[in-house]
Amino acid sequence: DESEITNCSLPAAPMGSREREDAALFLASISLTGHHAERDVKNDSNSSSSDESEDESNSGVFSSERVTDLKAASSTLETRMLMCCGQNSYPLLSFSVLPYVPKKKMLHPLAKSLVSKDSHKHHVRSYNHLLRRGCKHKVGPNMVDDPDLRHGKHQKVLQLLSYRVSVSLYTRPQDLKREINQQFRERFPKIRITLSKMRSLKRDMVEIGLERTDLDVSTVAYAHNYFEQLIFDLCVDKPNRKIWAACCLCLAMKFNHSGNKERQKTAFDELARACDDVWKVGLREIRMAEFAVFAALEFHLHRHPSDIKAYSQRILQSIQD
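Starting afresh in each chain, residues are numbered from 1 along the sequence in its written order. Selection of residues for local features in this predicted model requires a pLDDT of at least 70, selection of side-chain atom pairs for listing and counting requires 80 or more, and totals for whole chains, interfaces and linings are taken over all residues. With hydrogens and water stripped out, all remaining heavy atoms of the structure feed into the side-chain values.

Draft legend 1. Summary view of the overall build of the protein chain. Segments assigned H or I by DSSP are reported as helices when at least four residues long, segments assigned E as strands when at least two residues long, and all are numbered from the N terminus. For the protein chain, the helix and strand inventory stands at 14 helices and four strands. Here the term buried applies to any residue with accessible area under 20% of the maximum for its type, exposed to any over 50%, and partly exposed to those in between, with areas from a 1.4 Å probe on protein chains only. Buried positions account for 37% of the 321 residues belonging to the protein chain. Here the protein chain displays about 20,500 Å² of accessible surface, and carbon together with sulfur accounts for 52% of that area. We get accessible surface area from the Shrake-Rupley algorithm with a probe of 1.4 Å; when it comes to residues, only the shown protein chains can shield them.

Pasting the structure below:
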């Protein structure tokens, strides 16, 4: 605002014709439209000689006349302003001011010259396609991987008040596996991975996290929750299931694992070697897919303690079985 500039009080020294000419040349050198300013230097220096005596008398403050003179010195520079303090000294301040435009879609001519329509295509990498708007459904401990979904039509389960009875007929493991996957597909027809593959990967997570790298049970519980969330959001399929499972373990370890930097680095190296041994997923593949997994989780790794407790109990129960 011009009124705010005229009311400010700053120490300043009188600027002679030589200094005005140097200031105008300096503005021309740093301005986006500097080739138009050089032709106005002579006109500005001639007009400034008559006002030099008045500036010397008001050297202590930035008066309205001095601000007007400074703006006149850069009349062709539109919004570029320069402030100097003292003779034979470097410029004190140089800045640009874009005026307010009422219409939202209108740009100042100077701003339009700064915007390049095709510049972002070559210099900026956007991850907007990894961010999906909208609130996701919360995945609970027994929502995707139902613990009761372990028997087919050849087994009858009776849940009574004080006990539960199951009557099982003999069936081949392959037939039982096919029936369970079919029931899971009927519940979640859009999910692109079978229940048997999901449970197999979760067992591998327990082996990698608790037996090979000595992680905490809660860390593996976080990884299970992340992985089920990604499956429910249709991000996991058959080709990328192992890579994304490894990324879930890495993110859970970085979020929940405690210790100093040296201990965390050692645990991460052990985790990367274990993923390579079990899933044949190298460290380079994990690093390339880790940010995509993080973005698919909407950069939200915190989970409610009750959910992590339920996942931890299931992990401990699976170890005992």
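What follows picks up the thread again.
Draft legend 2. Quick peek at unusual backbone geometry. For D214, which is not glycine, the phi torsion reads 60 degrees and is therefore positive. By secondary structure assignment, the location of D214 is in the loop between α9 (195-212) and α10 (217-232). Its relative accessible area of 64% is what places D214 among the exposed residues. For F299, which is not glycine, the phi dihedral falls at a positive 55 degrees. In this structure F299 comes out as partly exposed when scored by relative accessible area, which is 37%.

Draft legend 3. Spotlight on the packing of α9 against α10. An axis is simply a line fitted to the C-alpha atoms; with a helix, the fit covers only the stretch in contact. Between two such axes, the angle follows the N-to-C directions and lies from 0 to 180 degrees. Here α9 crosses α10 at 155 degrees, and the two axes come no closer than 10 Å. Between α9 and α10, the interaxial angle falls into the category roughly antiparallel. Along this stretch, α9 crosses α10, giving a crossing that reads as right-handed. Contacts between α9 and α10 involve M198, L201, K202, M205, V206, G209 and L210 from the former and V217, V220, A223, H224, F227, E228 and I231 from the latter. Partitioned by chemical class, the residues of the contact of α9 with α10 number 10 nonpolar, two polar and two charged. For this classification, under 35 degrees means roughly parallel, over 145 means roughly antiparallel, 65 to 115 means roughly perpendicular, and everything else is oblique. Handedness of a helix crossing follows the sense of rotation of the near helix relative to the far helix, less than a right angle counterclockwise being left-handed and clockwise being right-handed. Any pair of residues with heavy atoms lying within 4.5 Å of one another is described as a contacting pair. For this classification, Asp, Glu, Lys and Arg are treated as charged, while Ala, Val, Leu, Ile, Met, Phe, Trp, Tyr, Cys and Pro are nonpolar and the rest, including Gly, are polar.

Draft legend 4. Layout of the packing of α10 against helix α14 (residues 305-320). Put simply, α10 and α14 touch, their axes get as near as 8 Å, and they point 105 degrees apart. Here α10 lies roughly perpendicular to α14, going by the angle between them. Across the interface between the two elements, V217, S218, V220, A221, Y222, H224, N225 and E228 from α10 touch I308, Y311, S312, I315 and L316 from α14. The class makeup of the residues in the contact of α10 with α14 is eight nonpolar, four polar and one charged.

Draft legend 5. Seen up close, the state of the cysteines. In plain terms, two cysteine sulfur atoms within 2.5 Å form what is called a disulfide here. Applying the stated criterion across every chain, the model contains zero disulfides. There is no disulfide at C247, and the cysteine sulfur nearest it, in C250, is 6.2 Å away. C247 gets classed as buried once you look at its relative accessible area, which sits at 0%. Of the cysteine sulfurs around C250, a residue in no disulfide, the closest is that of C275, at 5.5 Å.

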